[in-house]
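Summary of structural features
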Amino acid sequence: MFQKILIANRGEIALRVLRACKELGIQTVVVHSTADADAMHVRLADESVCIGPPPSRDSYLNVHQIVAACEITGADAVHPGYGFLSENAKFADILAAHNITFIGPTGDHIRIMGDKIEAKRTAKRLGIPVVPGSDGAISEEKEAKRVAAEIGYPVIIKASAGGGGRGMKVARSEADLEIALQTAKSEAGAAFGDDAVYIEKYLEKPRHIELQVFGDGAGRGVHFGERDCSLQRRHQKVWEEANSPALNAEERARIGGICAKAVADLGYSGAGTIEFLYEDGEFYFIEMNTRLQVEHPVTEAITGIDLVHEQIRVASGGGLSVRQEDIKFNGHAIECRINAEDPRTFTPSPGTITHFHTPGGLGIRVDSGVYSGYKIPPYYDSLIGKLIVHGRNRVECMMRLRRALDEFVVDGIKTTLPLFRDLVGNPDIANGDYDIHWLEKYLAKEE
Ligand code: MV4
């Protein structure tokens, strides 16, 4: 087991990882920017190292400073959290070269999944159902027309270096295709320095359902069920649930089994998320994330398993603590992302939190790095906390969520709490009847 873990992140996820380290009796080091000297993760860690000025590229993304902080403090492993360096293959390689364990998959596995064409090809080879489309990159209009005619319109053109919704263009007929292809290519080139694009059948009204998987790096793989993350705005998730209101136990076991076998066959190590679009009872792979995700607590709530413990165990060579048959899905969980943003326009609202009171009681978890009197710096993303609610079934979970939202007080800044108070009373949400476009349509109507 590790002696000392350096946490290369900030905010609620830095605290989340700190808590797991403390429970395991592992010493902790955090790094921070000058803007985060007052942050909770700095206060709670055993040691802290200031690694640079506020901009992320000079601090939380500064690989050399982070490696130096490991050497100075004697940390034997790094947990990257999510965002920042969590899916940076070079960072994983550099740590390995310094004999520091990256708590995550290998650089090569990160690299494969970071290239969306390669990821899709790999998924297909491993027996995961993928969206019909081109086998690789498409550069010629003629080729695009041939593939599109074969799969049928509408089609979507995606950047191989993209992901998370950046650099996508829909073509509804052959007349749209040339412009869609050219704009997708030039936007991808400008944004990522790589203009490779591919084509897929465009699904009109899918849900976004993702499978939590884990590999032990030695040929074993398990799945922890799915999360439904369909409620998004501009590709930012807002509300996540486990299980998906759309799946039954049989469908869960089937797609879960396929995903667990795939990570086993890949020799994958650590936590991963296999993202699907789900429409008319069918799963279509879109991407794989090679990190712990923001919404992992809903999976923890229904399985009772600490996923950060599992990450640390696997990275230290101790293997997974559970076999597939030990993983049971109990009840229902919902996470609301509390952002320091206007609840309608989503404009960031940094500033001082004058009063912060979190809800409590059975089935309630709040993961947050803020406190009364804390000044939210303007340099980072606006997530200030996550409310995770668990109940024996979805109805109980929703009842409890409504009550918890009533208790939650954040004064001094705007937050997304009022949006959740509206959503929890909405009939479509109550019925679990929503797709990936539901939230944006709802917000457009409310304006
Ligand atoms: C799609 C799609 C429809 N058809 N692919 C957006 C994020 C990126 N991860 C994939 N995305 C999409 N890919 C096909 N073939 C629709 C989306 C999409 C979306 C997906 C998940 C959650 C919200 C979304 C909002 C708009 C579009």
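To be clear, the structure that these remarks concern was listed above.
Notes on the structure follow. Every chain's residues receive numbers from 1 upward, in the order its sequence appears when written. Selection of residues for local features in this predicted model requires a pLDDT of at least 70, selection of side-chain atom pairs for listing and counting requires 80 or more, and totals for whole chains, interfaces and linings are taken over all residues. As a rule here, side-chain values come from all non-hydrogen atoms in the structure, and water together with hydrogens is ignored.

**Here's the deal with the site of the ligand**
Residue proximity to a molecule or strand is established when one non-hydrogen atom of the residue lies within 4 Å of it. For the ligand, the set of nearby residues contains 18 residues, the closest of which are K158, E200, K201, L203 and E287. Whenever two N or O atoms come within 3.5 Å, that pair is a polar contact, provided that in protein one can donate a hydrogen and the other can accept it, and provided that, for residues adjacent in sequence, both atoms are side-chain atoms. Between a nitrogen atom of the ligand and a side-chain N or O atom of E200, the distance comes to 2.9 Å. Between the ligand and the protein, one listed contact pairs a nitrogen atom with a backbone N or O atom of L203 at 3.0 Å. Each residue is assigned to one class: nonpolar for Ala, Val, Leu, Ile, Met, Phe, Trp, Tyr, Cys and Pro, charged for Asp, Glu, Lys and Arg, and polar for all the others, Gly among them. Per-class residue counts for the shell around the ligand are 8 nonpolar, 5 polar and 5 charged. An automatic or database domain assignment provides the domain bounds reported here. Three or more residues apiece are contributed to the shell around the ligand by two domains, here domain 2 (132-201) and domain 3 (207-446).

**Quick look at the sheet that holds strand 7 (residues 166-171)**
Adjacent strands of a sheet form backbone hydrogen bonds with each other and so pair up, either parallel or antiparallel. The rule for pairing is simple: two strands pair if DSSP sees at least two bridges between them. Here a helix means four or more residues in a row that DSSP labels H or I, a strand means two or more in a row labelled E, and each is numbered from the N terminus. The 3 strands lie next to each other as 7-6-8, forming an open sheet whose pairing is antiparallel. Strands at the two margins of the open sheet, each flanked by one partner only, are strand 7 and strand 8 (197-201). Going across the sheet, the axis of each strand differs from the next one's by a mean of 25°, ignoring polarity. The pairing of strand 6 (residues 155-163) with strand 7 spans 5 bridges and is classified as antiparallel. Its bridge partner lying in strand 7, I157 is registered against K169. Axes here refer to lines fitted to C-alpha atoms; in helices the fit is confined to the stretch in contact. Angles between the N-to-C directions go from 0 to 180 degrees.

**Considering the pairing of strand 11 (residues 236-242)**
Whether a residue is buried, partly exposed or exposed follows from its accessible area with a 1.4 Å probe, protein chains only, as a fraction of its type maximum: under 20%, in between, or over 50%, in that order. The buried fraction of strand 11 is high, at 6 of 7 residues. With 4 bridges connecting them, strand 10 (residues 221-233) and strand 11 associate as antiparallel partners. Paired with Q232 across the two strands is K237, which belongs to strand 11. Here strand 10 folds back onto strand 11, and the loop between the two strands holds 2 residues, one of which, R234, carries a positive phi near 45°. Judged from the 4 bridges that link them, strand 11 and strand 14 (residues 332-339) form a sheet pairing that is antiparallel. When the bridges of strand 14 are listed, A242 appears paired with A333.

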